[in-house]
Amino acid sequence: MAKRWSAVTRSLWSDARFLNLSSPKPNAQTLWLYLLTGPHQGPVPGLFPVGVGAIADNLGWSPKEVRAALEEIRGAGMALVSERPALIFLPRAVTHNQPANPNMIKGWRSHWDELPECPLRDQALFTLLRSVKETMKPTFSKIFQDEFKRAHARPVDPGASPEVNGFPNG
């Protein structure tokens, strides 16, 4: 069966009629759908500068419930999380949201500095490079060349894996 998709407006999560519907108990599936369709998305696919507290407030869950659901998603390899500074990364998001042209990558770059500087942002940079379609890799490398230099110059956490420090693993 062919994969089909539908657009979902991000305002769904703040729509009064939607908010008045019965809501599910905190769970990873609902959190996953919230991350994919929620209001925190920016132009760079899969990168959300949002923390547990904001998600808890928006979904009406406790921070403990959000952490548990987020840990389940992380454990399934579907997300990487930096709690401080707050940043969530869905590494496969760009696979499903490829840039249509070089101008989209330029748009990503213009918003990059709004993301918190941390090892997860560096990791996302390298993951994006590996994940954009081949025809866009030269453009991505050129547009983000200064950021690659900065990422390589940043000190790394000696106890973390190479992926956490932002460097590709091989």
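Everything below is about the structure printed above this text.
Right, let's walk through the structure included here. If you're wondering where the values come from, they're calculated on a predicted model, not measured in any experiment. (Residues numbered from 1 in each chain as written. Predicted model: local features only at pLDDT ≥ 70, side-chain atom pairs only at ≥ 80, totals over all residues. Heavy atoms only, no water.)

## Side note on the overall build of the protein chain
The number of helices and strands found in the protein chain is nine helices and three strands. A compact globule built from 170 residues would reach a C-alpha radius of gyration of about 15 Å, and the protein chain, at 17 Å, matches this within 12%. Reported as C-alpha extents along the three principal axes, the dimensions of the protein chain are approximately 50 × 40 × 35 Å. A buried classification covers 37% of the 170 residues belonging to the protein chain. For the protein chain, the computed accessible surface area is about 10,300 Å², with 55% contributed by carbon and sulfur atoms. Of the side-chain charges in the protein chain, 20 are positive and 15 negative, and the distance between the mean point of each set is 7 Å. (Helix = DSSP H or I, 4+ residues; strand = E, 2+ residues; numbered from the N terminus. Rg over C-alpha atoms; globule rule 2.2 N^0.38 Å. Buried < 20%, exposed > 50% of the residue type's maximum accessible area, 1.4 Å probe, protein only. Areas by Shrake-Rupley, 256 points an atom, 1.4 Å probe, with all protein chains shown as cover. Lys, Arg positive; Asp, Glu negative; His and termini not counted. Charge placed at Lys NZ, Arg CZ, Asp CG, Glu CD.)

## Focus on the side chain of Lys137
Among the secondary structure elements, Lys137 is positioned in helix α8 (residues 137-143). Here Lys137 is in contact with Leu129, Arg130 and Val132, once residues within four sequence places are set aside. (Contact = heavy atoms within 4.5 Å.)

## What about helix α2 (residues 28-37)?
Listing the buried residues of α2 in full gives Ala28, Thr30, Leu31, Tyr34, Leu35 and Thr37. Turning to α2, the residues buried within the fold contact β1 (47-48), α3 (52-59), α4 (63-75) and β3 (87-89).

## Brief notes about helix α6 (residues 102-112)
Residues of α6 that are buried: Ile105, Trp108, Arg109 and Trp112. Buried residues of α6, viewed axially, fall in a sector of 100°; they line one side. In the core, the buried residues of α6 are packed alongside β1, α5 (93-96), α7 (119-131), α8 and α9 (145-153). Regarding α6, its N-cap is Asn101, as a side-chain oxygen of that residue lies 2.9 Å from the backbone nitrogen of Asn103 further along. (Arc of directions from axis to C-beta. Polar contact = N/O pair within 3.5 Å; in protein donor to acceptor, adjacent residues only side chain to side chain.)

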